[in-house]
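Geometric and topological summary
One letter stands for each residue in the lines below.
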Amino acid sequence: MKRIIFTILIVLSGLAAYYVKSTSQILSRSQQSSVDILIANSPLFPARPVWWSDGKILAVGILPDSSTGDAAAQTACDLLIAEQLPVSGLRIEVYDVLKIQNEDEWSLLGFAVCE
C-alpha cells in the first residue's frame, strides 16, 4: 500500500512540475524588451515584433520576398541565442508584413522553435 501511495505522489509531483514549466514565461518583460530591440535593429524584420501567449510565442514580420518564413524564424532564434538570452522553447512565427498592413490578414510564412 505504501508503494502505491509513494508512486502516486511521485507521479503527481512530476505532473505539477510539468504544469509549472508549461505555464511559466520563457522570458521576463525586460528580456522581451531586449528582444524587441534586437529584432527591430535587424534589416530582415521591418516591423516591431508582437508577443503572444505570455512570452512563449513571438510573431515577427518580413517582406514576403526577403526570405523564407522558416529561415527568417531561425535567423531570429540565432540572433537571440547569440545574445545569450534564455530562449529555449520560444516559438517564433513569421508573418507577411505587407498582408498585415494592406489587408489586415495574418499570413503565416513559417516558424521555428528556439533550442
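The structure we're discussing is the one just above.
What comes next is a walk through the structure. The structure displayed is predicted, hence computed values, not measured ones. (Residues numbered from 1 in each chain as written. Predicted model: local features only at pLDDT ≥ 70, side-chain atom pairs only at ≥ 80, totals over all residues. Heavy atoms only, no water.)

Taken N-terminus to C-terminus, the directions of helix α2 (residues 29-40) and helix α3 (residues 69-82) make an angle of 125°; their axes are 10 Å apart at the nearest point. It follows that α2 is oblique to α3 by the angle criterion. When you trace α2 past α3, the crossing you get is right-handed. Judged by residue contacts, V35, L38 and I39 of α2 engage A76, L79 and L80 from α3. Of the residues that constitute the contact of α2 with α3, the class distribution is six nonpolar, no polar and no charged. (Axes fitted to C-alpha atoms, helices over the stretch in contact; angles between N-to-C directions. Helix = DSSP H or I, 4+ residues; strand = E, 2+ residues; numbered from the N terminus. Parallel < 35°, antiparallel > 145°, perpendicular 65-115°, else oblique. Left-handed = near helix turned anticlockwise from the far one by under 90°. Contact = heavy atoms within 4.5 Å. Nonpolar A, V, L, I, M, F, W, Y, C, P; charged D, E, K, R; others polar.)

A separate point is unusual backbone geometry. Positive phi values are uncommon outside glycine, yet Q84 reaches one of about 60°. Relative to the elements of secondary structure, Q84 occurs in the loop between α3 and β3 (91-96). Using a relative accessible area of 72% as the deciding quantity, one classes Q84 as exposed. Backbone geometry at D104 places phi at a positive 55°, although glycine is not the residue there. With respect to the helices and strands, the residue D104 is situated in the loop between α4 (97-103) and β4 (108-113). According to the relative accessible area criterion, D104 is exposed, its value standing at 60%. (Buried < 20%, exposed > 50% of the residue type's maximum accessible area, 1.4 Å probe, protein only.)

Time to look at α2. In a regular helix each residue adds 1.5 Å, so twelve residues correspond to 16 Å; α2 covers 16 Å between its end C-alpha atoms and thus fits that length. Among all positions of α2, only Q32, V35, D36 and I39 are buried. Down the axis of α2, the buried set is contained in an arc of 105°. They therefore lie on one face. α2 presents S30 and I37 as exposed residues on the side facing more than 90 degrees away from its buried surface. In this structure, the buried residues of α2 make contact with β1 (50-52), β2 (57-62) and α3. (Expected span 1.5 Å × (residues − 1). Arc of directions from axis to C-beta.)

The subject of this paragraph is the state of the cysteines. If you walk through the whole model with that rule in mind, you get one disulfide. In this model, C77 is linked to C114 through a disulfide, with the two sulfur atoms separated by 2.0 Å. With the S-S bond torsion at -90°, the cross-link from C77 to C114 turns out left-handed. Of the two residues, C77 is situated in helix α3 and C114 in the segment after β4; the sequence distance between them amounts to 37 residues. There is no split in this pair, since C77 and C114 are both buried. (Disulfide = S-S within 2.5 Å.)

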